[in-house]
Amino acid sequence: GDSSKEDELVDFEGSCWDAVMLVGLKTKSGESLVSTFDVCLSIFLCLVNLFMTLVFILAVTSSMSSNPISEEARYGAIHQRLLKNHHWSHVDFINLRTKAGKMCDGKVFNDLNNFYSDIDTYIHPDEAIPGTGIRLGGSLIASVAIVIWLLSSTTALRRIADLAWAIYSLEPRRSNGSAIEEEDGEYFVTHMTGLRKAALLIGICLPRLILMGCLMIFGGVYLADTLAIPDMIMNAAALEIVKDIDEYLFNAIMSKRISGLVESVKYKYIVTIPSGGIRKHINDSGPVFMRLMVIGITFVVLTTNVLSHFEETVVEFDKFVCGFDQDFTWTDHPITGMPMFTSLDSLNESEPTSAEKLSCFFQARYFMLLTRSGVIDMDVAPRHKNNGAMSNDTLIDFIRGESPNCHKEGEAHNDATCPNVGMGAMIHFQSMDSDEFYRGPDCIDFDIHVKVLSETCKEDDYASSFFALQNGSYRMSCADFESVCTCPVEKDPGMPCNQTEYEPVMEEYGVDFTWITTISHICPKTCGLCMSQDSSTGPEGPDPNMALPPAPAPEPADAAPAPGESDAGGDSGGATDSGGSGSSGGATDSGGSGSS
């Protein structure tokens, strides 16, 4: 009187595992439900499913789930940052940023930056749940993906458990394997021998249960160790595909007759249901709490032991790449070979740095690059569209090499030479040293550069730092700078002028020595630096070997640094290449500039 008995049904589904469970079943007439061929095919598909799932699990435990931020990757990142991204030759003098700072700002385009972009999004997400302020960081999205995967896996585990319990609960039968009742085209298995029960439980249900349990755990690890948020979504979808391989194999290969037959079979057994009291409550709620415990314990284990460790590794890697001081830069001392440091951050200094004083010089160089490439005509450089040089068609033609007066390779040098030369001259420039330049025929005034410089420096942001535009003066050619850059002190042949000897000029014109050196390099003939090859007369201007703050030498496009490799540019293998100083060339990255 305290309980009642009811029939419980467990349906078969379109799966190769369920198809195997039909092996040996016969109708009342003694006819087998499935043919020998279908039996062999079902067993083969189960073995294929087992193999493919094991391959995926092994892949997760070895390579696919290996931490993408390995010890080698961390070493490579800090190696590239220190030896290359902070080096003086890679400083962006246009924006006064090191390459390390630019990469952390998302303004460097290579695979290391893409990798760091995933890290930054994982730790510092831009998106938030509306109205909550909760940021959709990598750990939160990974936790949600893990929960969804655990729910899906638990559904599969529950069905396996239901099948196993149904087999165990079938009425015993002493002979002929199983008893089948047929009704309205459906088959109900009601009795089964102990031997067949043991075979199905040990040979089918137990392997499925172990396989699904392993896939549940390692799939969660796979999601927890995923860095890129888009990859989390793709990986979650991939796990669902792996989980359902048995169904894909069955539906793709088995015949429609077998598919219909499998789905028409049901296990039918009797369950005892308590009529009330604590036993009924336990009977109803016990399985629910058990499933909740499985999901909860698995989630806690995955998040505390895998996800939290992965997040700590990501945060640590972020510090390696973008933590601490991003604004220091260094280069080798020319004599000792040891590093010498400076900082691009002058916010706390009363006087601007030399690089800041020459900011319009670097902007002028970048304007020439934009103009020569044609990019200036697009909307990617709106700031430079206001450059006064843009309205000077003749100047633009000189920069682009379209002027009929442009220097052609093999013709005589002249002061109107545009910055376009032949291939042979370009190769010659790369190997030329300063002494060869100042003694040779290439030592001329570059009036085109002066015009671009003056037009660029007219902008409000730079006018106060460019002495040529102060006090009503307006210099547009090398000849206009002769009184400023020529050494005011009579010197012995071969003796250059130093900063102290230029102090009267600096005071009279309000010019910084850095600008005198810059103008002298652009106008070496007017400023007295050029010497004929057979002349013994030394330079009359500032020391021709006094270098400007050099911008980066042109470098090849950064290659893809796989996590764990040290440097996209190939120079992290040693300090020699990445520690070299920049000299001549064009811009690097999206906003870099080269040296004059």
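Residues numbered from 1 in each chain as written. Predicted model: local features only at pLDDT ≥ 70, side-chain atom pairs only at ≥ 80, totals over all residues. Heavy atoms only, no water.

## What to know about the overall build of the chain
Inference 1: Scanning the chain from terminus to terminus reveals 22 helices and seven strands.
Inference 2: Considering the chain as a whole, with its 596 residues, one finds that 46% of them fall into the buried category.
Inference 3: When contacts within the chain are restricted to residue pairs at least 6 apart in sequence, those whose partners lie at least 24 apart make up 70%.
Inference 4: With an accessible surface of roughly 29,900 Å², the chain has 57% of that area assigned to carbon and sulfur atoms. (Helix = DSSP H or I, 4+ residues; strand = E, 2+ residues; numbered from the N terminus. Buried < 20%, exposed > 50% of the residue type's maximum accessible area, 1.4 Å probe, protein only. Contact = heavy atoms within 4.5 Å. Areas by Shrake-Rupley, 256 points an atom, 1.4 Å probe, with all protein chains shown as cover.)

## Regarding the pattern of salt bridges
Inference 1: Here the structure, examined in full by the defined rule, presents 13 salt bridges.
Inference 2: Here Arg 97 ties to Asp 327 by a salt bridge, and the two come within 2.9 Å at their closest N and O atoms. Placement of Arg 97 in the loop between helix H3 (71–85) and helix H4 (99–104) and of Asp 327 in the loop between helix H11 (277–322) and strand S6 (328–332) is noted, with a sequence separation of 230 residues between them.
Inference 3: Taking the relative accessible area as the measure of exposure, Arg 97 reaches 18% and is therefore buried.
Inference 4: Using a relative accessible area of 19% as the deciding quantity, one classes Asp 327 as buried.
Inference 5: Residues joined in a network through salt bridges with shared partners are Glu 13, Asp 18, Arg 159 and Arg 208. (Salt bridge = Lys/Arg side-chain N within 4 Å of Asp/Glu carboxyl O.)

## As for the packing of aromatic side chains
Two descriptors summarise a pair of aromatic rings, namely the distance from one centre to the other and the angle between the planes of the rings.
Inference 1: Summed over the entire model, instances satisfying the criterion amount to eight aromatic pairs.
Inference 2: Ring centres of Phe 12 and Tyr 267 lie 4.9 Å apart, and the angle between their planes is 70°; this geometry places the pair in the edge-to-face category. One end of the pair, Phe 12, is in the loop between strand S1 (3–11) and helix H1 (16–20); the other, Tyr 267, is in strand S5 (residues 265–274), and 255 residues separate them in sequence.
Inference 3: Residue Tyr 267 is classed as buried on the basis of its relative accessible area of 0%.
Inference 4: Centroid distance Tyr 122 to Phe 310: 5.7 Å. Interplanar angle 75°. Geometry classified as edge-to-face. Of this pair, Tyr 122 sits in helix H5 (residues 111–123) while Phe 310 sits in helix H11; the two residues are 188 residues apart in sequence, bridging distant segments of the chain.
Inference 5: On the basis of relative accessible area, Tyr 122 is assigned to the buried category, the value being 2%.
Inference 6: Residue class for Phe 310 comes out buried when judged on its relative accessible area of 1%.
Inference 7: Seen from the ring of Phe 188, Lys 268 lies directly overhead, with NZ or CZ sitting 5.6 Å from the centre. (Phe/Tyr/Trp six-rings, centres within 6.5 Å; stacked < 30°, edge-to-face > 60°. Lys NZ or Arg CZ within 6 Å of the ring centre and 35° of its normal.)

## Looking at the confidence of the model for the chain
Inference 1: Across the chain, pLDDT averages 76, with 73% of residues at or above 70.
Inference 2: Within the chain, the element-level pLDDT minimum falls on helix H22 (residues 575–578), averaging 37, and the maximum on helix H6 (residues 138–169), averaging 92.
Inference 3: Between residues 533–538, whose pLDDT stays under 50, and residues either more than four places distant or in other chains, the model counts 11 contacts. (pLDDT = per-residue confidence, 0-100.)

## A closer look at the state of the cysteines
Inference 1: One pass over the structure, following the stated rule, counts five disulfides.
Inference 2: A sulfur-sulfur distance of 2.0 Å marks the disulfide that ties Cys 478 to Cys 523. Because the torsion about its S-S bond is -75°, the bridge between Cys 478 and Cys 523 counts as left-handed. Pair noted here: Cys 478 is in the loop between helix H18 (460–463) and helix H19 (482–485) and Cys 523 is in the loop between helix H21 (513–522) and H22, with a separation of 45 residues, a long-range link.
Inference 3: Assessed through its relative accessible area of 0%, Cys 523 is described here as buried. (Disulfide = S-S within 2.5 Å.)

## Digging into a nonpolar patch on the surface
Inference 1: There is a patch of nonpolar side chains on the surface, built from Leu 136, Leu 140, Val 144 and Ile 148 and spanning about 310 Å² of accessible area.
Inference 2: With respect to the helices, strands and loops of the structure, Leu 140 is situated in helix H6.
Inference 3: In this structure Leu 140 comes out as partly exposed when scored by relative accessible area, which is 32%. (Patch = residues over 30% accessible without salt bridge, like charges linked within 9 Å, V, L, I, M, F, W, Y side chains within 5 Å.)

## What to know about the side chain of Lys 197
Inference 1: Relative to the elements of secondary structure, Lys 197 occurs in helix H7 (residues 194–224).
Inference 2: No salt bridge is formed by the buried Lys 197. Its closest oppositely charged neighbour is Glu 171, at 7.6 Å.
Inference 3: A distance of 3.2 Å separates the side chain of Lys 197 from the backbone oxygen of Tyr 168, its partner in a polar contact.
Inference 4: Sequence-distant contacts of Lys 197, defined by excluding residues within four places in its chain, comprise Ile 167, Tyr 168, Leu 170, Glu 171, Pro 172 and Met 192. (Lys, Arg positive; Asp, Glu negative; His and termini not counted. Polar contact = N/O pair within 3.5 Å; in protein donor to acceptor, adjacent residues only side chain to side chain.)

## Side note on H7
Three or four residues apart is the spacing at which side chains of an α-helix point the same way, because the helix has 3.6 residues per turn.
Inference 1: The end-to-end C-alpha separation of H7 is 43 Å, in line with the 45 Å expected for 31 residues at 1.5 Å each.
Inference 2: The sharpest bend along H7 comes to roughly 30°, located at Cys 205, with the proline Pro 207 sitting one to four residues further on. (Expected span 1.5 Å × (residues − 1). Bend = angle between axes of the 7 residues up to and from the residue.)

## Some details on helix H10 (residues 256–263)
Inference 1: Considered for burial, the residues of H10 that qualify are Ile 258, Ser 259, Leu 261 and Val 262. The buried residues of H10 occupy an angular sector of 165° when the element is viewed end-on, so they sit on one face. (Arc of directions from axis to C-beta.)

## What to know about the packing of helix H14 (residues 393–400) against helix H17 (residues 447–457)
Inference 1: Running from N to C, H14 and H17 cross one another at 125°; their axes reach a closest spacing of 11 Å. Put simply, H14 runs oblique to H17. Judged by the sense of rotation from one axis to the other, the crossing of H14 with H17 is left-handed. Residues Leu 395, Phe 398 and Ile 399 of H14 form the contact with H17, whose own contacting residues are Ile 448, Lys 451 and Val 452.
Inference 2: Across the contact of H14 with H17, the residue classes tally to five nonpolar, no polar and one charged. (Axes fitted to C-alpha atoms, helices over the stretch in contact; angles between N-to-C directions. Parallel < 35°, antiparallel > 145°, perpendicular 65-115°, else oblique. Left-handed = near helix turned anticlockwise from the far one by under 90°. Nonpolar A, V, L, I, M, F, W, Y, C, P; charged D, E, K, R; others polar.)

## Side note on unusual backbone geometry
Inference 1: Although it is not a glycine, Asp 184 sits at a positive phi angle of roughly 55°.
Inference 2: If you trace the backbone, Asp 184 turns up in the loop between strand S3 (178–183) and strand S4 (186–192).
Inference 3: Overall, the relative accessible area of 74% leaves Asp 184 in the exposed class.
Inference 4: Phi is positive for Phe 324, which is not a glycine, with a value near 65°.
Inference 5: Along the chain, Phe 324 falls in the loop between H11 and S6.

## Brief notes about the environment of Phe 218
Inference 1: Counting through the fold element by element, Phe 218 comes out in helix H7.
Inference 2: Since its relative accessible area comes to 28%, Phe 218 is described here as partly exposed.
Inference 3: Considering only alpha carbons, one finds Phe 218 and Thr 61, 157 residues apart in sequence, at a separation of 7.3 Å.

## Quick word on the packing of H6 against helix H8 (residues 229–243)
Inference 1: The N-to-C vectors of H6 and H8 enclose an angle of 10°; their axes lie 10 Å apart at closest approach. It follows from the interaxial angle that H6 and H8 lie roughly parallel. Residues Gly 138, Ile 141, Ala 142, Trp 149, Ser 152, Ser 153 and Ala 156 of H6 touch H8, and the partners they reach there are Ile 229, Met 232, Leu 239, Glu 240 and Lys 243.
Inference 2: The residue inventory of the contact of H6 with H8, partitioned by class, reads seven nonpolar, three polar and two charged.

## Comments concerning the nonpolar core
Inference 1: Residues Phe 12, Met 21, Leu 22, Ile 119, Val 189, Tyr 267 and Phe 317 are the most contacted members of the largest nonpolar core, which totals 82 residues.
Inference 2: By residue number, the principal contributor to this core is H6, which donates 12 residues.
Inference 3: The residues touching Phe 317, leaving out its near neighbours within four places in the chain, are Ile 69, Ala 73, Arg 74, Ala 77, Phe 115 and Ile 119. (Core = buried A, V, L, I, M, F, W, Y, C linked by side-chain atoms within 4.5 Å.)

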